[in-house]
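Spelled out from the first residue to the last, the chains are:
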Amino acid sequence: MSDPTWEPKILAFLCNWCSYAGADLAGVSRIQYPPNIRVVRVPCSGRVNPMFILRALQQGLDGVLVSGCHPGDCHYLTGNYFARRRFLVLKRLLEFCGIEEGRVQFSWVSASEGQKFADVVTEVTEKVRELGPATRMVKKTWKLPPEVEAQLRGAADAD
Amino acid sequence: MPTEQVNLNEIARRLLADGTVDVVIGYTTGSQPLVAVPAFVRDPQDADTLVFNRFCEQNLVNYLHRFKAKRVAVVVKGCDERSVIGLIQEKQLDRQKLVLIGAPCAGIVDPRLVPEDATEEETLGDDVMYAGCAACAVRNPRFADYLIGAPVPQPEAPEFSDTTAELEDVESDERWRYFSREMRKCILCFACRNVCPACYCNVCFTESSQPKWMSKTDDESDAMFFHLTRLLHLTGRCTGCGACARACPVNVDLRTYNDRLRKDVKDVFEFEAGLDPEARAPMTCFRDNDKNEFIK
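Counting from 1, residues in each chain are numbered in the order their sequence is written. Chains and ligands are labelled by the order in which they are written, letters from A for the one and numbers from 1 for the other. Restriction of local features to residues with pLDDT of at least 70 applies here, the model being predicted, together with a cutoff of 80 or more for giving and counting side-chain atom pairs; totals for whole chains, interfaces and linings are based on all residues. To get the side-chain values, take all heavy atoms of the structure and skip hydrogens and water.

*Asks:* Is there a simple way to think about the overall build of chain B in this case?
*Replies:* In this text, helices come from DSSP runs of H or I with a minimum length of four residues, and strands from runs of E with a minimum of two, each type numbered from the N-terminal end. In terms of regular secondary structure, chain B is built from nine helices and seven strands. Looking at the 296 residues of chain B, the share that counts as buried comes to 53%. What makes two residues a contact is simply this: any of their non-hydrogen atoms within 4.5 Å. Contacts spanning at least 24 positions in sequence make up 68% of the contacts within chain B whose residues lie at least 6 apart. All accessible-area figures derive from a Shrake-Rupley calculation using a 1.4 Å probe, and residue coverage is judged against the displayed protein chains alone. About 14300 Å² of surface is accessible on chain B, with carbon and sulfur atoms providing 49% of the total. Considering chain B, the positive charge centre built from 36 side chains and the negative charge centre built from 47 side chains are found 6 Å apart. To sort residues, take the accessible area from a 1.4 Å probe on protein chains only and compare it with the maximum for the residue type: under 20% means buried, over 50% means exposed, and anything in between is partly exposed. Under the counting rule used here, the positive set is Lys and Arg, the negative set is Asp and Glu, and His together with the chain ends is not counted. Just so you know, the charge point we use is NZ for Lys, CZ for Arg, CG for Asp and CD for Glu.

Given below as structure tokens:
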């Protein structure tokens, strides 16, 4: 019953100063990486409220990646240290509640690590692909009835 | 210095009569047998209505938020006292304006375990105690100004819920089954938040409409969002008083999740909420060598 055309949809929060620039470097260096991430640029990994991540899971994103500056490199000096504590608690809590390990991942990618950014995205995408489409904590009422879904798909194909 | 041991009614009368406090928050007998309800005594003549027994389950510290301008005396059990210390740490309470009347407590009766025909306290044994009370590590208040009884013995018991330990050992699928089963029960009445002394935001994320963080449908994912966020907000702040679990009308197993959170905070940040008034709350600080392995 699994959909062969399914591709993981991953939300990536990238900090403006390091990881976003790292993603940019990966791009200008023409490094290939999977097109499964949707990027949200944030000023700092410390800006990422754990509620953003829970909300993403609820809305049916298959994975969430949060990436920021390496410890010690934060543009705001300490933002990523606070974020690290928060993410640790979140990760452990989610796993304790039975959300699959790997749905929510974290990384430090600096502006000069274009290759690392591509590697991280590849790794995260593969892990999420292995886990399959998100089902846990996904809000069911947001799913369309199958016939409406089919109709919409038909309309999209007609275009 | 040993804390002065006094009679509850006498000390309440004295504090009100000499003007030390404006109000004494304590417990009085409820309208049914085997029930105690919160009481707010302002007149020294009413001091005799105060009682302390095995039915005084409410955490009265939650009321202190409403009496910030007043001088208050409050009856605290060992667990409640931890909430006070937590709030002092967060600069929500002024210890100088507060008189703590400590009540050594050997455990509170869980009304759900009491046989229906029971009307006398004496007939109830230790087996009708709340599970959290049986594992209580703070039976005797340590920072109180007065004690209203002799300290009670502190039995050895596992510090955290057994279910927490059991769930840690099983597969992710099993944990998910347990979590979703509990969350399906939740009717989002927010009683757990309302009775929590640590939940005092003027606008809770559940009520915020800009941004609108969560919707309140019967979908269990909304309950999950609520409880997970509440847990995250209580990181390093939950003292494990158990008020939320007692207030829950549908018996969601909140204790297991609170205990897991407290255990995490203890293991990872070496911090326990409500024990040391001088300690720095873990989410307001960091160390260079915090755990980093989970980050790529």
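*Asks:* How do you make sense of the packing of helix α5 (residues 172-185) of chain B against helix α7 (residues 220-233) of chain B when you look at a structure like this?
*Replies:* Each pair of packed helices gets described by two things: the angle between the helix axes and the distance between those axes. Residues and elements named next belong to chain B. Axes here refer to lines fitted to C-alpha atoms; in helices the fit is confined to the stretch in contact. Angles between the N-to-C directions go from 0 to 180 degrees. Where α5 contacts α7, the two axes come as close as 9 Å, and the packing angle between them is 100°. With respect to α7, the element α5 is oriented roughly perpendicular. Counting all contacts with α5, which are made through Trp176, Phe179, Ser180, Met183 and Arg184, the residues of α7 involved are Glu220, Ala223, Met224, His227 and Leu228. Residues are grouped as follows: nonpolar covers Ala, Val, Leu, Ile, Met, Phe, Trp, Tyr, Cys and Pro; charged covers Asp, Glu, Lys and Arg; every other residue, Gly included, is treated as polar. When its residues are assigned to classes, the contact of α5 with α7 shows six nonpolar, two polar and two charged. Here the word oblique covers every angle except those under 35 degrees (roughly parallel), over 145 (roughly antiparallel) and from 65 to 115 (roughly perpendicular).

*Asks:* How should the environment of A:Val64 be read in this particular structure?
*Replies:* All names here are of chain A. Here Val64 shows up in strand β3 (residues 63-68). In sequence terms Val64 and Glu147 are 83 residues apart; their C-alpha atoms lie 29 Å from each other. Ignoring any residue separated from it by four or fewer positions in sequence, one finds Val64 in contact with Ile10, Leu11, Phe13, Ile53, Ala56, Leu57, Arg103, Val104 and Gln105.

*Asks:* How do you make sense of helix α3 (residues 79-97) of chain A when you look at a structure like this?
*Replies:* An α-helical segment advances 3.6 residues per turn. Residues three or four places apart therefore align on the same side. Residue and element names in this part refer to chain A. Helices are assigned an expected span. That span is 1.5 Å times one less than the residue count. In a regular helix each residue adds 1.5 Å, so 19 residues correspond to 27 Å; α3 covers 27 Å between its end C-alpha atoms and thus fits that length. Along α3, 16 of the 19 residues are buried, which leaves the element largely enclosed by surrounding structure. Phi for Gly98, located one or two positions after α3, is positive at around 100°.

*Asks:* Just checking my understanding: could you explain the layout of surface pockets for this structure?
*Replies:* To find leftover empty space, a probe the size of one water molecule is rolled over the atoms. All names here are of chain B. What the second largest pocket holds in volume is close to 650 Å³. Definitions used throughout: a 1 Å grid over protein atoms alone; a cavity as a set of points that fits a 1.4 Å probe which cannot get out; a pocket as an open set with protein on both sides within 12 Å along at least five of seven lines; a lining residue as one with an atom within 4 Å of a point. Taken together, 36 residues make up the lining of the second largest pocket; nearest its centre are Tyr130, Ala131, Gly132, Cys133 and Arg255. Of all elements in the fold, only α2 (78-89), α3 (131-134), α8 (243-247) and α9 (254-269) reach the threshold of two or more residues within the lining of the second largest pocket. At six residues, the largest contribution of residues to the lining of the second largest pocket is made by α9. When its residues are assigned to classes, the lining of the second largest pocket shows 14 nonpolar, 11 polar and 11 charged. Grid points are joined across faces, edges and corners, and a volume is the space filled by probe spheres set on the points.

*Asks:* Honestly, the interface of chain A and chain B in this entry has me stumped. Any pointers?
*Replies:* Many descriptions give the size of an interface as the accessible area lost when the pieces come together. Taken together, the 42 residues of chain A in the interface contact 47 residues of chain B. As used here, buried area is the combined drop in accessible area, with a 1.4 Å probe, of two parts when they are placed together. With both sides pooled, the region where chain A packs onto chain B buries about 4100 Å², and carbon together with sulfur makes up 66% of that total. Looking at the side of chain A facing chain B, the largest losses of area belong to A:Met51, A:Arg85 and A:Phe96, adding up to 22% of the total buried there. We define a salt bridge as a contact between a side-chain nitrogen of Lys or Arg and a carboxyl oxygen of Asp or Glu at a distance within 4 Å. For the pair chain A and chain B, the interface holds six salt bridges. Where B:Asp290 meets A:Arg85, a salt bridge forms, and the shortest distance between an N and an O atom there is 2.8 Å. Whenever two N or O atoms come within 3.5 Å, that pair is a polar contact, provided that in protein one can donate a hydrogen and the other can accept it, and provided that, for residues adjacent in sequence, both atoms are side-chain atoms. Our enumeration of links across chain A and chain B arrives at 24 residue pairs in polar contact (both at pLDDT 80 or more). Of all the secondary structure elements, the ones that give two or more residues to the side of chain A that touches chain B are α2 (50-58), α3, β4 (104-108) and α4 (114-131) of chain A.

*Asks:* For this particular structure, what's the right way to read the state of the cysteines?
*Replies:* Here is the idea: a disulfide is a covalent bond, and it sits between the sulfur atoms of two cysteines. By convention in this document, the label disulfide applies to cysteine sulfur atom pairs within 2.5 Å. Counted under the stated rule, the structure contains one disulfide over all chains. Just so you know, B:Cys204 is unpaired, no disulfide at all, and the nearest cysteine sulfur is the one on B:Cys199, 6.4 Å from it.

*Asks:* Looking at this structure, I do not really get the pattern of salt bridges. What am I missing?
*Replies:* All names here are of chain B. In total, this model carries 31 salt bridges over all chains according to the counting rule given. Of the charged contacts, one joins Glu272 and Lys266 as a salt bridge, the two residues approaching to 4.0 Å between their closest N and O atoms. Classification of Lys266 as partly exposed rests on a relative accessible area of 28%. Put simply, Arg287 and Glu270 hold a salt bridge, and the shortest N to O gap is 3.6 Å.

*Asks:* Even after reading the chapter, I still don't get the nonpolar core, so can you show me in this structure?
*Replies:* The tendency in soluble globular proteins is for nonpolar side chains to be buried as a group. Of all hydrophobic cores here, the largest spans 65 residues; its most connected members are A:Ile53 and A:Phe106. When residues in this core are grouped by element, the largest group, nine residues, is from α3(A). Those residues within four positions of A:Phe106 in sequence are excluded, and the remaining contacts are A:Ile53, A:Leu65, A:Val66, A:Phe87, A:Leu90, A:Lys91, B:Phe294, B:Ile295 and B:Lys296. What is meant by a nonpolar core is a set of buried Ala, Val, Leu, Ile, Met, Phe, Trp, Tyr and Cys residues, joined one to another through side-chain atoms within 4.5 Å.

*Asks:* Hey, could you run me through α9(B) in this one?
*Replies:* The first and last C-alpha atoms of α9(B) sit 22 Å apart over 16 residues, in line with the 22 Å expected at 1.5 Å per residue. The element α9(B) is extensively covered by neighbouring structure, given that 13 of its 16 residues are classed as buried.

*Asks:* Hey, could you run me through unusual backbone geometry in this one?
*Replies:* Across residues other than glycine, the phi torsion is negative in most instances, and most of the peptide bonds are trans. Residues and elements named next belong to chain B. A cis amide bond links Gln210 with the next residue in sequence, Pro211, at an omega value of 5°. Along the chain, Pro211 turns up in the loop between α6 (191-195) and α7. One non-glycine residue with positive phi stands out, namely Leu188, at about 50°. Among the structural elements, Leu188 can be located in the loop between α5 and α6. Residue Leu188 is classed as buried on the basis of its relative accessible area, which comes to 12%. The phi dihedral of Asn251 falls on the positive side, at around 55°, and the residue is not glycine. Checked against the element boundaries, Asn251 lands in the loop between α8 and α9.

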